[in-house]
Amino acid sequence: MTKQRFPSHRAAALALLTGDHRLSRKAGSFLGQLAVDPTPMTERQAKWLAILLEQAGLPPYAGEGAI
């Protein structure tokens, strides 16, 4: 069974921030920015979000800028 993808980068960031995942200060700052800023992500940001989601065992982000 495949996991449901996150519909927005905000939802993905909030899942990482509110879950029991080990995050660096830099990653936490990045995710906080994604949670409050509706601006589309850059390709580099989308890659980093994808890495963080994969490391946490969470489903991928399915929106614009997703890789």
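Quick summary incoming for the structure in this document. What you see is a predicted model, and the numbers here were worked out from it, not measured in a lab.

So, how was this worked out
Residues numbered from 1 in each chain as written. Predicted model: local features only at pLDDT ≥ 70, side-chain atom pairs only at ≥ 80, totals over all residues. Heavy atoms only, no water. Helix = DSSP H or I, 4+ residues; strand = E, 2+ residues; numbered from the N terminus. Rg over C-alpha atoms; globule rule 2.2 N^0.38 Å. Buried < 20%, exposed > 50% of the residue type's maximum accessible area, 1.4 Å probe, protein only. Contact = heavy atoms within 4.5 Å. Areas by Shrake-Rupley, 256 points an atom, 1.4 Å probe, with all protein chains shown as cover.

**Considering the overall build of the protein**
A tally of regular secondary structure across the protein gives three helices and zero strands. Taking 11 Å as the expected radius of gyration for a compact globule of 67 residues, we find that the protein reaches 11 Å, a close match to that expectation. Each principal axis of the C-alpha distribution contributes one length, and for the protein these read about 35 × 25 × 15 Å. Going through the 67 residues of the protein one by one, you find that 28% of them count as buried. Across the protein, contacts joining residues at least 24 apart in sequence account for 52% of those joining residues at least 6 apart. Summing over all exposed atoms, the protein offers an accessible surface of approximately 4700 Å²; the carbon and sulfur share of this is 53%.

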